[in-house]
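# Examining the three-dimensional arrangement
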Amino acid sequence: MQRTAEVICVGTELLLGDILNSNAQFLAQELARLGIAHYHQTVVGDNPERIRQVVAIAQSRAQLLIFTGGLGPTPDDLTHETLASCFGVPLVEHPEILATIHEKFVRRGIPMAPSNRTQALLPLGAEVLTNSSGTAPGIIWQPQPPDNRELTILTFPGVPTEMKMMWRHVAVPYLQAHGWSQQTLHSRMLKFWGISESALAEQVQPMLASTNPTVAPYANWGEVKLRIAAVADSHDEAERLIEPMAQKIRAIAPDYYYGCDQDTLASVVGEMLLAQNATLAIAESCTGGGIGSQITEIPGSSAYFVGGVIAYDNRVKIQQLGVETTVLERQGAVSAAVAAQMAQGVKQRLGATWGLSITGIAGPDGGTPDKPVGLVYIGVAGPQGVQTFEHSLGSGRGRQWVRQLCASHGLNHLRLALRQLPTPGR
Ligand code: ATP
């Protein structure tokens, strides 16, 4: 029989939508990585009766129950107390936990509240799942369900940093030692820009039917991704299944594919600039520094990024970038001619190999029938001249969508321009 795990996140603030359930996402990814089957997740509020109902259902269909949240000292932290009552055992105080909690308070120089004592109470028979960074320990427990079915319960505090550390350092070695993780699921995310999810899915249609590795499309903020995931006995073996599939897919959409996993358009452009021993300057109007921010997020970007001008007002376009007044008057600030002069101006004035510019109407106001909200011009000036590109991004998805999308389009046009030039020494 296949053993399965179930994740149960306790916390009324999760149900109210006050916080995002990032613990469930982390645990789901980890279970997949370890090859542990996981078919259900539950979020339940800080209510003992409803936690009991969840435990009753979960233990009837899974052998590993993973709890997060509700281990704190306040009266609404009920996870251990409720679990003990579900399996008919008392809570027992662990003097060594109490001593550790007390020590942590002494080290911080604050008095320990009497309520913290409850965190040293664990169900009878449960082992301590040590929490080295916080106060609340979790448990590793094999309780005795009435029908003697196999059952392991792990509990973690809600605080994500504490939960992750305890998971990695204690829970994963425990699960591996207890035969929970024989196979590993490994995946690679291929990233594309400039193609729609449906168009890409159509082109890779035959591959979507593959079972190991599997191929699944995702789309987010204009970016399309294909996740290739393989289950194998080892990481290397999974990689051997993934690589040929990745090669086939890259060959199908070579212009749109830009990188994988942690790559971003900004990081890929940075690598290309480095390889070409080239530098970049940018002139941003409607993105207000958003491209500069993406570029400078990359460690080491000072090797190729010279700087930028946020040319919002026309005076800045004229005085700082040398855009001609007549061109601004005749064509308007949002025009291909102005984008070209901004890119050339910033390249020349900041002494860079490449100049990238953006001018557009992010909205919600400022659109006209000729130049509606979402109209954007991008200029890319390089060693072989200047090119401009027009995009109509629409007004429907709001100002942030236009700003973010045109920044990515700008980086992508620069990527494609850089690709046309040979890399020195190759
Ligand atoms: P504490 O010792 O801090 O009281 P706890 O185990 O009682 O820990 P909770 O009180 O349930 O945990 O949650 C503490 C904080 O951890 C929450 O305010 C929230 O910021 C975060 N948190 C809780 N559950 C989750 C979750 N599922 N995903 C992401 N963050 C969470």
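In this report, we go over the structure that sits alongside the text. On a predicted model such as this, the values are computed, not experimentally measured, just so you know.

## Quick notes on the packing of aromatic side chains
All told, the structure shown has 4 aromatic pairs when counted by the stated rule. Ring geometry for phenylalanine 156 and tryptophan 167: centres 6.0 Å apart, planes at 55°, overall tilted. Linking phenylalanine 156 in strand E8 (residues 152-156) with tryptophan 167 in helix H6 (residues 160-177), this pair joins segments that are 11 residues apart in sequence. Accessibility classification places phenylalanine 156 together with tryptophan 167 in one group, the buried group. On the basis of an interplanar angle of 35° and a centroid distance of 5.6 Å, the ring pair of tryptophan 221 and tryptophan 401 is categorised as tilted. Note that tryptophan 221 is positioned in the loop between strand E10 (214-220) and strand E11 (223-232) and tryptophan 401 in helix H15 (residues 399-420), a separation of 180 residues in sequence. Residue classification places tryptophan 401 among the buried positions, given a relative accessible area of 11%. Sitting above the plane of the tryptophan 180 ring, arginine 3 keeps its charged end 4.1 Å from the centroid. One cation-aromatic arrangement involves arginine 397 over tryptophan 401; the distance from NZ or CZ to the ring centre is 4.0 Å.

## What about the pattern of salt bridges?
Enumeration according to the criterion identifies 13 salt bridges in this entry. Note that arginine 3 and glutamate 150 form a salt bridge whose closest N and O atoms lie 2.6 Å from each other. Of this pair, arginine 3 sits in the segment before strand E1 (4-10) while glutamate 150 is found in the loop between strand E7 (138-141) and E8, placing the two residues 147 residues apart along the sequence. A relative accessible area of 25% means that arginine 3 is categorised as partly exposed. In this structure, glutamate 93 engages arginine 117 in a salt bridge whose closest nitrogen and oxygen atoms are separated by 3.2 Å. You can see glutamate 93 sitting in strand E4 (residues 91-93) and its partner arginine 117 sitting in the loop between helix H5 (95-108) and strand E5 (121-123), a full 24 residues away along the chain. When salt bridges that share partners are traced, they join Arg188, Glu239, Glu243 and Arg250 into one network.

## Some words on the side chain of glutamate 162
Examined against the element boundaries, glutamate 162 turns out to sit in helix H6. Among buried Asp, Glu, Lys and Arg side chains, glutamate 162 stands out as unpaired, with arginine 108 the closest opposite charge at 6.5 Å. When sequence neighbours within four positions are dropped, the list of residues in contact with glutamate 162 reads Asn131, Ser133, Gly134 and Pro157.

## Observations regarding the site of the ligand
Inspection of the region around the ligand gives 17 residues, with Asn21, Leu71, Gly72, Asp77 and Gly158 positioned closest. The separation between an oxygen atom of the ligand and a polar side-chain atom of glutamate 13 is 3.3 Å. Interatomic distance of 3.2 Å between a backbone N/O atom of asparagine 23 and a nitrogen atom of the ligand. For the ligand, whose accessible area on its own is 610 Å², the fraction buried by protein is 76%. Mapped onto the shell around the ligand, the elements with two or more residues apiece are helix H1 (12-15) and helix H2 (22-34). Classifying every residue of the shell around the ligand gives 7 nonpolar, 8 polar and 2 charged.

## Overview of the nonpolar core
Formed by 35 residues in total, the largest nonpolar core has its most connected members in Leu273, Leu280, Ile291, Ile295, Trp354, Leu356 and Leu414. Listing elements by their share of this core, those giving two or more residues are helix H10 (265-275), strand E13 (280-284), helix H11 (290-296), strand E15 (354-360), strand E16 (375-382) and H15. The element best represented in this core is H15, accounting for 9 residues. If near-sequence neighbours (up to four positions away) are discounted, leucine 414 is found in contact with Val269, Leu280, Trp354, Leu356 and Val380.

## Thoughts on the state of the cysteines
By the definition in use, this model includes 0 disulfides. Just so you know, cysteine 86 is unpaired, no disulfide at all, and the nearest cysteine sulfur is the one on cysteine 9, 17 Å from it. Look at cysteine 86 and you get partly exposed, because its relative accessible area is 25%.

## Here's the deal with the side chain of histidine 391
Position of histidine 391 among the secondary structure elements: in strand E17 (residues 385-392). Reaching out from histidine 391, the side chain makes a polar contact with the side chain of histidine 413 at a distance of 2.8 Å. Excluding anything up to four places from it in sequence, histidine 391 contacts Gly374, Leu375, Val376, Ile378, His409 and His413.

## A closer look at unusual backbone geometry
Following asparagine 212, the chain continues to proline 213 via a peptide bond in cis, the omega torsion being 10°. Here proline 213 lies in the loop between helix H8 (205-208) and E10. For the bond running from glycine 363 to proline 364, omega is 5°, close enough to zero to count as cis. With respect to the helices, strands and loops of the structure, proline 364 is situated in the loop between E15 and E16. Phi is positive for asparagine 148, close to 60°, though the residue is something other than glycine. For asparagine 148, the position within the fold is in the loop between E7 and E8. Overall, the relative accessible area of 60% leaves asparagine 148 in the exposed class.

## Thoughts on the sheet that holds E15
The strands that make up a sheet are held in pairs by hydrogen bonds between backbone atoms, and each pair lies either parallel or antiparallel. The strand order across the open sheet built from 5 strands is E14-E13-E15-E16-E17, with neighbouring strands paired in mixed fashion. Looking at strand neighbours, the two that pair on one side only are strand E14 (305-310) and E17, the edges of this open sheet. In this sheet, neighbouring strand axes are inclined to one another by 15° on average, regardless of whether the strands run parallel or antiparallel. The sheet contact formed by E13 and E14 spans 5 bridges and is parallel. If you follow leucine 280 over to E14, its bridge partner there is phenylalanine 305. Against the sheet, helix H14 (residues 336-349) engages E13, E14, E15, E16 and E17, with an angle of about 145° to E15.

Reading guide: rules and limits
Here the residue numbering is sequential within each chain, running from 1 through the sequence in written order. Per-residue local features are limited, in this predicted model, to residues with pLDDT of at least 70; the limit for side-chain atom pairs, both in listing and counting, is 80 or more; totals at the level of whole chains, interfaces and linings are taken over all residues. Based on all heavy atoms of the structure, the side-chain values leave hydrogens and waters out of the count. Under the pairing criterion, centres of Phe, Tyr and Trp rings, with the six-membered ring standing for Trp, must be within 6.5 Å; the plane angle then separates stacked pairs below 30 degrees from edge-to-face pairs above 60, leaving the rest tilted. By definition, any uninterrupted DSSP run of H or I lasting at least four residues is a helix, any uninterrupted run of E lasting at least two residues is a strand, and each is numbered from the N terminus. Under the scheme applied here, a residue whose accessible area is under 20% of the maximum for its type counts as buried, over 50% as exposed, and between as partly exposed, the area being computed with a 1.4 Å probe on protein chains only. Two limits define a charge over a ring: the Lys NZ or Arg CZ must be within 6 Å of the ring centre, and within 35 degrees of the ring normal. By salt bridge we mean one thing: a side-chain nitrogen of Lys or Arg within 4 Å of a carboxyl oxygen of Asp or Glu. His is not counted here, nor are the chain ends, while Lys and Arg score as positive and Asp and Glu score as negative. Throughout, a contact is declared for two residues whenever any of their heavy atoms are within 4.5 Å. One heavy atom within 4 Å of a molecule or strand is enough for the residue carrying it to be called near that molecule or strand. In the analysis that follows, any N or O atom pair within 3.5 Å is treated as a polar contact, provided that within protein one partner can donate a hydrogen and the other can accept it, and provided that, for residues neighboring in sequence, both atoms belong to side chains. Using the Shrake-Rupley algorithm and a 1.4 Å probe, accessible areas are obtained, with residue cover drawn only from the displayed protein chains. Note that Gly is not counted as nonpolar here; it falls among the polar residues with everything else outside the nonpolar set of Ala, Val, Leu, Ile, Met, Phe, Trp, Tyr, Cys and Pro and the charged set of Asp, Glu, Lys and Arg. We define a nonpolar core as any set of buried Ala, Val, Leu, Ile, Met, Phe, Trp, Tyr and Cys residues linked to one another through side-chain atoms lying within 4.5 Å. The rule for a disulfide is simple: a pair of cysteine sulfur atoms within 2.5 Å. Two strands make a pair as long as DSSP finds a minimum of two bridges between them. To obtain each axis, a line is fitted to C-alpha atoms, and for helices this fit is confined to the stretch in contact; angles are then taken between N-to-C directions over 0 to 180 degrees.

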